[in-house]
Amino acid sequence: MKANFKNMSGTKDDEMRPEYDFTQGVRNIHAYRFSKLSSDEALILGYWQGKGFTVTGFSKRELRDMKTPDFLLARNGQEIALCEVKSYQRDAWLEEQMKQVAPGELAGGLRNDPIYNRISHSIHTAVQQFSSVNADHSRLNFLVLVNHDTSARYKDLVSVLTGYWDPLGGDFDRTHLQFSEGRIREDKKQIDLCVWLEIRKDGTLGRDHLFFPNPDTRVEVCGILDIDPEKVRDIPPAA
């Protein structure tokens, strides 16, 4: 399976609305959901609205009975995609280690980089959420990863999805196969668009990076987002 990647410029300031538009939701259903949005979810709601989507949520019953994705994305009254938002906060492991030692003592040590496990876990759990309401994959599945961790990069996502060290830089060493060909081997095929978004120091959205794990829907998703599919870079399969 080929993976596909596209760099996009950051969201322009005039695309972000000072107040998010909840008027197109269903009264007393989506208002409940939107009242409980996290700050990252609110940013992503504005991100999709800036791209011309009507953004709604799930009903209280659906939220109570099943673990659903965060949003439904629609245009012209037609549901197009589900969206799940996952956030990566700054890794405070070393700081916590330092709190546990006396002044002058060494802290820290060697450990596996946690970001790869966090990304693969996000993909796995998101697919479970998508499947709960979209088992037949009749709507597209969009996963948005919001990054606050300065030690994590979008290249980490590319490595996890492809199994290569740095395919965007021409390094195809198979260093991450335990992730790409592990428990997300089948999961990643269920995600039609993965968006990696950086958060600036002022809390606004920075540059977005788009990845298309499902080659069968790449052209469709590009059309929806007004992207020329010929400009999307192909990455050969790791296995």
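Basis of the calculations
- One numbering rule holds for all chains: residues counted from 1, following each sequence as written.
- Where local features are concerned, this predicted model is filtered to residues with pLDDT of at least 70; where side-chain atom pairs are given and counted, the filter is 80 or more; whole-chain, interface and lining totals use all residues.
- Values reported for side chains reflect all heavy atoms of the structure, with hydrogen atoms and water molecules removed beforehand.
- Numbering goes from the N terminus for both helices and strands, where a helix is a DSSP run of H or I of at least four residues and a strand is a run of E of at least two.
- Summary of the burial criterion: residues with accessible area below 20% of their type's maximum are buried, those above 50% are exposed, and those between are partly exposed, where the area comes from a 1.4 Å probe applied to protein chains only.
- Contacts between residues were defined by any pair of non-hydrogen atoms, one from each residue, lying within 4.5 Å.
- Using the Shrake-Rupley algorithm and a 1.4 Å probe, accessible areas are obtained, with residue cover drawn only from the displayed protein chains.
- Whether two strands pair depends on DSSP finding at least two bridges between them.
- Between rings of Phe, Tyr and Trp, where Trp is taken as its six-membered ring, a pair exists when centres lie within 6.5 Å; planes separated by under 30 degrees are stacked, by over 60 edge-to-face, and by other angles tilted.
- Per-residue confidence from the prediction method is given by pLDDT, with values spanning 0 to 100.

Trainee: So, the overall build of the protein chain: which residues are in play, and what are the values?
Mentor: Regarding its fold elements, the protein chain presents eight helices and eight strands. Counting across all 239 residues of the protein chain, residues that qualify as buried make up 47%. Taking contacts inside the protein chain between residues at least 6 apart in sequence as the whole, the part at least 24 apart equals 66%. Total accessible area computed for the protein chain in this model is approximately 12,500 Å², and 47% of it derives from carbon and sulfur atoms.

Trainee: Help me get a handle on unusual backbone geometry, residues and values and all.
Mentor: Phi is positive for asparagine 76, close to 55°, though the residue is something other than glycine. Mapped onto the elements, asparagine 76 comes out in the loop between strand E3 (71-75) and strand E4 (78-88). You will see that aspartate 226, though not glycine, has its phi angle at about 60°, which is positive. Following the sequence through the fold, aspartate 226 ends up in the loop between helix H8 (218-224) and strand E8 (233-235). In this structure aspartate 226 comes out as exposed when scored by relative accessible area, which is 73%.

Trainee: Can you explain the environment of histidine 124? Please cite residues and give values.
Mentor: One can find histidine 124 in helix H5 (residues 114-133). Linking histidine 124 and glutamate 186, residues 62 residues apart in sequence, is a C-alpha distance of 9.4 Å. In this structure, histidine 124 is in contact with Arg183, Ile184 and Asp187, ignoring residues within four places of it in sequence.

Trainee: How would you sum up the pairing of E3? Please name residues and give values.
Mentor: Every regular strand shows the same layout, with side chains that alternate between the two sheet faces. Along E3, four of the five residues are buried, which leaves the element largely enclosed by surrounding structure. Pairing of strand E2 (residues 54-56) with E3, which is carried by three bridges, proceeds in the antiparallel orientation. Following the sheet pairing, threonine 54 is matched in E3 by alanine 74. Connecting the antiparallel pair E3 and E4 is a turn made up of two residues, with asparagine 76 showing a positive phi of about 55°.

Trainee: Please set out the side chain of threonine 217 residue by residue, giving values where relevant.
Mentor: Considering the arrangement of structural elements, one finds threonine 217 in the loop between strand E7 (205-212) and H8. Contact partners of threonine 217, with chain neighbours within four places excluded, come to Leu140 and Asp192.

Trainee: I'd like a description of the packing of aromatic side chains, backed by residues and values.
Mentor: Applying the stated rule across the entire model yields six aromatic pairs. Here the aromatic rings of tryptophan 48 and phenylalanine 53 are separated by 5.5 Å at their centres, their planes lie at 90°, and the arrangement is edge-to-face. The same class applies to tryptophan 48 as to phenylalanine 53, namely buried. Taking the centre distance of 5.0 Å and the plane angle of 80° together, the rings of tyrosine 164 and phenylalanine 172 count as edge-to-face.

Trainee: Break down the confidence of the model for the protein chain for me, citing the residues and quoting the values.
Mentor: Put simply, the protein chain has an average pLDDT of 79, and 72% of its residues get 70 or more. Confidence drops under a pLDDT of 50 for residues 9-35, and excluding neighbours within four residues, the segment shows 47 contacts in the predicted structure. A low-confidence stretch, residues 91-99 (pLDDT under 50), is modelled with 12 contacts involving residues beyond four sequence positions or located in other chains.

Trainee: Please provide a residue-by-residue account of helix H2 (residues 39-49), values included.
Mentor: Counted residue by residue, H2 has 10 buried out of 11 residues, so it is predominantly covered. Regarding H2, the residues found buried are Asp40, Glu41, Ala42, Leu43, Ile44, Leu45, Gly46, Tyr47, Trp48 and Gln49.

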